[in-house]
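If you want the building blocks of each chain, they are given just below.
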Amino acid sequence: MADAVLSAGQDIDRTLVVVFLRGGADGLSLVPPVGDDGYHRARPHLAVPTAKALRLDELFSLHPSLHEMHELYQQGTLAVVHAAGSEDESRSHFEAQDLMEHGGADVAGGWIGRWLRSRQADDARIGGTLSAISLGDELQESLRGSPTATALRALAQLDRSSEAQLLHAQLAALYRPDALLAEAAASALAAATRIATLQATAYQPRPSARYAERKDGDLAVAFSRDLSRVAQLIKARAGLVVACIDLGNWDSHFIQEQLLEPRMRALSQGLGAFANDLGELLASTTVVVMSEFGRRVRENASLGTDHGRGGAMFVLGGGTPGGMHCDWPGLHDSALDGPGDLPVVHNYRDVLAAVLARHGSRDPGSVFPDHPQRPLHV
Amino acid sequence: MSSTRRQLLQGGAGVCLAALAGCSAPAWLVPGSGQDARFSAPTGRDSDAVQNLLNRATFGVRPGDRDDLLRLASTPEQAIDAWIAQQLSPGSLDDDACEHALARFDSLDQPVGELYEYKERVLLRELTSATVLRAALSHRQLHEVMVHFWTDHFNIDISKGECAWLKVADDREVIRRHALGRFPDLLRASALSPAMLWYLDGRVNRAGAISEHANENYARELLELHTLGVHGGYTQQDVMEAARCLSGWTVRPKSGFLKAHVAFEAQRHDDGAKSVLGQRFAPGGGAHDIELLLALVAAHPATARHIAFKLCRRFIADDPPAAAVDEVASRFSSSNGDIAETLRALLGSASFRADINAPTSMRAGKLKRPFHLLVSCLRSCDASSNASTALTDYLTRMGHAPFQFPTPDGYPEAASAWQGTLLWRWQLASALAGNRIPGTRIDPHLLRVRAGGELALSAHLLGRLPDATEEAALRSGADPLALLLASPAFQRC
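Residues numbered from 1 in each chain as written. Chains lettered and ligands numbered in written order. Predicted model: local features only at pLDDT ≥ 70, side-chain atom pairs only at ≥ 80, totals over all residues. Heavy atoms only, no water.

1. Quick notes on the overall build of chain B
Move 1: Along its length, chain B carries 25 helices and six strands.
Move 2: The C-alpha radius of gyration computed for chain B amounts to 24 Å, which stays within 12% of the reference 23 Å derived for 493 residues, consistent with globular compactness.
Move 3: Taken over 493 residues, chain B has a buried fraction of 61%.
Move 4: Expressed as a percentage of contacts within chain B between residues at least 6 apart in sequence, the contacts between residues at least 24 apart total 71%.
Move 5: Working note: accessible area of chain B is about 17900 Å², and carbon and sulfur atoms make up 52% of it.
Move 6: Averaging the positions of the 52 positive and the 55 negative side-chain charges in chain B gives two centres separated by 3 Å. (Helix = DSSP H or I, 4+ residues; strand = E, 2+ residues; numbered from the N terminus. Rg over C-alpha atoms; globule rule 2.2 N^0.38 Å. Buried < 20%, exposed > 50% of the residue type's maximum accessible area, 1.4 Å probe, protein only. Contact = heavy atoms within 4.5 Å. Areas by Shrake-Rupley, 256 points an atom, 1.4 Å probe, with all protein chains shown as cover. Lys, Arg positive; Asp, Glu negative; His and termini not counted. Charge placed at Lys NZ, Arg CZ, Asp CG, Glu CD.)

2. As for helix α20 (residues 389-397) of chain B
Residues and elements named next belong to chain B.
Move 1: Looking at α20, one finds that the buried residues are Leu391, Thr392, Tyr394, Leu395 and Arg397.
Move 2: In this structure, the buried residues of α20 make contact with α7 (120-137), α19 (370-380), β5 (384-385), α21 (422-433) and β6 (440-441).
Move 3: Following α20 by one or two positions, Gly399 has its phi on the positive side, about 70°.

3. Comments concerning the domain arrangement of chain B
All names here are of chain B.
Move 1: You can read the domains of chain B as domain 1 (3-155 + 367-491), domain 2 (200-298) and domain 3 (301-362).
Move 2: Just the C-alpha atoms count here: the centres of domain 2 and domain 3 sit 31 Å apart.
Move 3: With nine residues of domain 2 at the contact, the number on the domain 3 side is five residues.
Move 4: Where domain 2 abuts domain 3, roughly 430 Å² becomes buried across the two surfaces, and 49% of that area is made up of carbon and sulfur atoms.
Move 5: The largest contributions to the domain 2 side of the interface with domain 3 come from Thr227, Leu228 and Ala298, which together make up 55% of the buried area.
Move 6: For the interface between domain 2 and domain 3, the tally reads zero salt bridges.
Move 7: At the boundary of domain 2 with domain 3, the tally comes to two residue pairs in polar contact (both at pLDDT 80 or more).
Move 8: With three residues, the single largest contributor to the side of domain 2 that touches domain 3 is helix α12 (residues 217-226). (Domains from an automatic or database assignment. Buried area = accessible area lost by both parts, 1.4 Å probe. Salt bridge = Lys/Arg side-chain N within 4 Å of Asp/Glu carboxyl O. Polar contact = N/O pair within 3.5 Å; in protein donor to acceptor, adjacent residues only side chain to side chain.)

4. Observations concerning the environment of Ala298(B)
Residues and elements named next belong to chain B.
Move 1: Within the secondary structure, Ala298 is located in helix α14 (residues 288-298).
Move 2: Taking the relative accessible area as the measure of exposure, Ala298 reaches 8% and is therefore buried.
Move 3: A C-alpha to C-alpha distance of 8.7 Å links Ala298 and Asn336, two positions 38 residues apart in sequence.
Move 4: Discounting chain neighbours no more than four positions away, the residues touching Ala298 are Phe183, Pro184, Leu187, Thr303 and Phe332.

5. Thoughts on the packing of aromatic side chains
All names here are of chain B.
Move 1: For the structure shown, the criterion picks out 13 aromatic pairs over all chains.
Move 2: Centroid distance Phe59 to Phe371: 5.5 Å. Interplanar angle 80°. Geometry classified as edge-to-face. Residue Phe59 is found in the loop between α3 (49-57) and α4 (65-70), and its partner Phe371 is found in helix α19; the two are separated by 312 residues along the sequence. Considered together, Phe59 and Phe371 belong to a single accessibility category, that of buried residues.
Move 3: Where Trp150 meets Phe183, the ring centres are 5.8 Å apart and the plane angle is 40°; that geometry is what we call tilted. With a gap of 33 residues between them, Trp150 in helix α8 (residues 141-153) and Phe183 in helix α10 (residues 183-191) connect regions that are remote in the sequence. (Phe/Tyr/Trp six-rings, centres within 6.5 Å; stacked < 30°, edge-to-face > 60°.)

6. So, the side chain of Thr303(B)
Residues and elements named next belong to chain B.
Move 1: Within the secondary structure, Thr303 sits in helix α15 (residues 301-315).
Move 2: Here Thr303 falls in the buried class, since its relative accessible area comes to 0%.
Move 3: Only 2.6 Å separates the side chain of Thr303 from the backbone oxygen of Val297, close enough to count as a polar contact.

7. Details of the packing of helix α3 (residues 67-75) of chain A against helix α9 (residues 256-278) of chain A
Residue and element names in this part refer to chain A.
Move 1: At a minimum axis distance of 7 Å, the contact between α3 and α9 shows a crossing angle of 45°. As the angle between them shows, α3 and α9 are arranged oblique. Packed against α3, whose contacting residues are His67, Glu68, Met69 and Leu72, the element α9 presents Arg265, Leu267, Ser268, Gln269, Leu271, Gly272 and Ala275 at the interface.
Move 2: Across the contact of α3 with α9, the residue classes break down as five nonpolar, four polar and two charged. (Axes fitted to C-alpha atoms, helices over the stretch in contact; angles between N-to-C directions. Parallel < 35°, antiparallel > 145°, perpendicular 65-115°, else oblique. Nonpolar A, V, L, I, M, F, W, Y, C, P; charged D, E, K, R; others polar.)

8. Overview of the interface of chain B and chain A
Accessible area lost during the coming together of the parts is what is often quoted as the interface size.
Move 1: Between chain B and chain A, the residue contacts involve 55 residues of the former and 44 residues of the latter.
Move 2: A buried area of about 4400 Å², summed over both sides, lies between chain B and chain A, and 61% of it is on carbon and sulfur atoms.
Move 3: In this structure, Asp178(A) engages Arg492(B) in a salt bridge whose closest nitrogen and oxygen atoms are separated by 2.8 Å.
Move 4: Within the residue set of the side of chain B that touches chain A, elements represented by two or more residues are α12, α13 (236-246), α20, α21, α24 (468-474) and α25 (480-486) of chain B.
Move 5: The greatest single-element share of the side of chain B that touches chain A, amounting to six residues, is contributed by α21(B).
Move 6: Tallied by class, the residues present in the side of chain B that touches chain A amount to 24 nonpolar, 19 polar and 12 charged.

9. Focus on the state of the cysteines
In protein chemistry, a disulfide is the covalent bond that joins the sulfur atoms of two cysteines.
All names here are of chain B.
Move 1: As enumerated under the stated definition, the model contains zero disulfides over all chains in all.
Move 2: In this model Cys312 remains outside any disulfide bridge; the closest cysteine sulfur is found in Cys493, 14 Å from its own.
Move 3: Cys312 sits in the buried class, given a relative accessible area of 0%. (Disulfide = S-S within 2.5 Å.)

10. Focus: the nonpolar core
Move 1: Counting 165 residues, the largest nonpolar core has Met146(B), Trp150(B), Phe183(B), Phe315(B) and Trp426(B) as its most contacted members.
Move 2: Leaving out residues up to four positions away in the same chain, Trp150(B) has contacts with Ile175(B), Ala179(B), Phe183(B), Leu186(B), Ile307(B) and Ile339(B).
Move 3: Residues Ala231(A), Ala238(A), Leu247(A) and Leu336(A) belong to the second largest nonpolar core, which totals 66 residues. (Core = buried A, V, L, I, M, F, W, Y, C linked by side-chain atoms within 4.5 Å.)

11. Overview of the pairing of strand β7 (residues 242-247) of chain A
Residues and elements named next belong to chain A.
Move 1: When you tally the buried positions in β7, you get five out of six residues, the bulk of the element.
Move 2: As paired elements, strand β1 (residues 15-21) and β7 share six bridges and run parallel to each other. Counterpart to Leu16 in the pairing with β7 is Val242.
Move 3: Taken together, the three bridges between strand β5 (residues 132-134) and β7 define a ladder with parallel strand orientation. Each bridged residue has a counterpart across the sheet, and for Ala132 the counterpart in β7 is Val242. (Pairing = 2+ DSSP bridges.)

12. Focus: the confidence of the model for chain B
Move 1: This prediction gives chain B a mean pLDDT of 91; 94% of its residues lie at or above 70.
Move 2: With pLDDT under 50 throughout, residues 1-23 of chain B is counted as low confidence; its partners more than four residues away or in other chains account for 30 contacts. (pLDDT = per-residue confidence, 0-100.)

13. Structural notes on the pairing of strand β9 (residues 311-317) of chain A
All names here are of chain A.
Move 1: For β9, the buried fraction is high: seven of the seven residues fall into the buried class.
Move 2: Strand direction decides the pairing type here: strand β4 (residues 78-85) and β9, joined by five bridges, are antiparallel. Opposite Val81, over in β9, you have Met313 as the bridge partner.

Encoded structure:
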């Protein structure tokens, strides 16, 4: 049983953390191409002023809210990819998220599910209760098909009385023959046990890790709390292979700065604290930040932006070479896609495949069978 | 239940269990059925059609529901037909007791503009409690099930903009009013609902202003989610043209006069010629453009298929048979979107009848979503409850708190999305059976007596007599009621 195989002493044990920015995050705000005049023309009210932006190179900067991420970039542990995205042209949140989480149009299961299945023979942790977890309320589509996957909810609310344990023992017998629910039940039971063990110890992050506090706002606190839970599991060597975290509500049709600024703050502060908290373990932990699509290049009438195509992706830690990666298509009309969108130059799967290759996959392309690979060095 | 006990639970005498327990929950409980009569349960080893119908088309089988249904006609088959007919005319079912119980929630009946007088959290608490209590108490169960179906279909998350105030009116005047009415009426009510105008940014969709771009958020979801469906054959151009048709419709914010008033501002309407799904809209259509657009999309064949598929997924199977979808879509179209007629076709279809009549071993069943599970616990145990946060927090933990799904597609229906909730389902079962949820009370002893013993109570909850594995578990010393409510059979409908 995989749960028995704890990974103490195995320094090569790696963890992948996938942060999904739901709602279509505006890549042109996260990573403004302030060196492109077209950007300032398309967004007379919304463009990040060049003087305030955090410089990456001649063309690109980070939004001023992302200063922790800027430091990580300067340290060489954060890679930035622009004009990244999927083939989806529906510009529908659900279609685009679905396509991206499945990792292809014509494939079964989620991309993480397929990846874990492909690695099951090589990584003894896979299949363990806490090997694949969602920090959200439900399991992400990307985890579909995983050998196990658990929504790691408010742990403290679980009843671990002797009555509950007696009940659980009987439920184990009732659910075992159930075709639909047996696997989910086994996972729930094992999780209850493992979680109880972890609960017995309160987590103390490294003192220098500045996770969000109450003054930073609920959103930042929630995201930081998710990341610190992941850090706890990594440090406890609880067998964590992959964790999925959602940071939601990036759908900025209306006065977008009000919506985006606190989200960008939460993202940057959380990632900065997480990197600090992990210390040397960041070398074996990769965080990928992605969103279903970027947004229309031109701002709309309500100081927001509508659904678009190309957006930004980030890769933190885990041996990434860092740096800025983009064959920038420019923002002149002839370069734009459909109703005026940044085209997708870099397929998200070329970013993920590069990461999976560092996480033990000998053939990461097999996880994305309907995609001809054009690997990116991220 | 004795009358003294009932008064105590109603809180009319100024004494209440919650107060005695020293908790801060409201000092009242709404009693369950208030009955103490015997009730019948299935007697076979296989699940039966009546139990399957009630599990699927209601929020759970209350003690006595089975008897009430069987009394409607001389054979179970005829009684099922009669029950469906009755449920499809909800006005014929007296629901005074339920409405009376809800009278304590002041906000529910307030005109839309008056809702701003309330604090947001009070509105959400009252609406959530009322939603749970209605699902638990109403005799118009199919209507309640459809209310939930449309609440997801026309999803509004109260955390956006002024939706916290306006959803109360949307729930009352859009969803509840039209849940079994005509789809075109429901769609129009939703399109011009103040809450929807906030939730999908319709209120800021206008021509001119800062630049020349309409806000296409609502227009997209109108086509993708509310009517044609994502593969319904529309294009990005159709979305943008539909947004132009809808431009100028707005709602007054709470900061000014006429708050929550829906208005058409002609100067913000793009009044040029448009073309949506191949239909030409002549220039100068003004406020009439929206009527043409909604009539066009409501009557589109893709809409009939989309709604039919979702209904069949809710009532037949996560992956419903194509024949049923075709039949239901056809009735939807031929009845011009009459929802009750469409449901009559669905519930009378060969696929639905085959499903409810199938033996347990052949029947996949559907996984109850967490809300359904929680309410079915209350109903099947005839619980008294104030549906306060101690109870509704379980919905939050299972990721199914009403009116709090962030994206416009609504809570998912299929089982796969909810498999990670088992641990919390078991926690809920055990807490309810052990009377450890403040503000919610059951009487396991009375329930057992009314059922006529432990075995009959098991059959009431499992939908059939327990099998050998279940019998062994029930004898194990674990709380039998908790075990039954947490069992795989009870998770299904």
